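# A closer look at the structure
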Amino acid sequence: MAKLIQLDETFYKIAGMEERAVAGAPKFGKNGIHLSAALLKSYGFKEGESFKFFAPEAGKILLEKILN
């Protein structure tokens, strides 16, 4: 894409290009796990929604929306 922009001297917009990249891994610390708002949004959660957290096996984390 960068090469095409350079050759044509035209800016090309790609769907989703303006969205922020999200790291795929949660951060683990001494106080527990941190799931960023951007990470949760990328999985379809909206601000204010509640969810249950499960760790059924090593290396897996499951989030289940709580429907009100």
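The structure reproduced in this document is the subject of the present report. (Residues numbered from 1 in each chain as written. Predicted model: local features only at pLDDT ≥ 70, side-chain atom pairs only at ≥ 80, totals over all residues. Heavy atoms only, no water.)

### Looking at the overall build of the chain
Tallying secondary structure elements over the chain gives two helices and four strands in all. Put simply, the chain has 68 residues, and 6% of those count as buried. In the chain, the share of contacts with a sequence separation of at least 24, taken over all contacts with a separation of at least 6, comes to 8%. If you sum the accessible surface of the chain, you get close to 6,300 Å²; carbon and sulfur atoms cover 56% of it. (Helix = DSSP H or I, 4+ residues; strand = E, 2+ residues; numbered from the N terminus. Buried < 20%, exposed > 50% of the residue type's maximum accessible area, 1.4 Å probe, protein only. Contact = heavy atoms within 4.5 Å. Areas by Shrake-Rupley, 256 points an atom, 1.4 Å probe, with all protein chains shown as cover.)

### Structural notes on the pattern of salt bridges
The full count for this structure, using the stated rule, is one salt bridge. In this structure, the salt-bridge partner of Lys 65 is Glu 49, at a minimum N-O distance of 3.8 Å. With a gap of 16 residues between them, Lys 65 in strand β4 (residues 62-65) and Glu 49 in the loop between α2 (37-42) and β3 (51-54) connect regions that are remote in the sequence. By relative accessible area, which is 35% here, Lys 65 ends up partly exposed. With a relative accessible area of 33%, Glu 49 lands in the partly exposed category. (Salt bridge = Lys/Arg side-chain N within 4 Å of Asp/Glu carboxyl O.)

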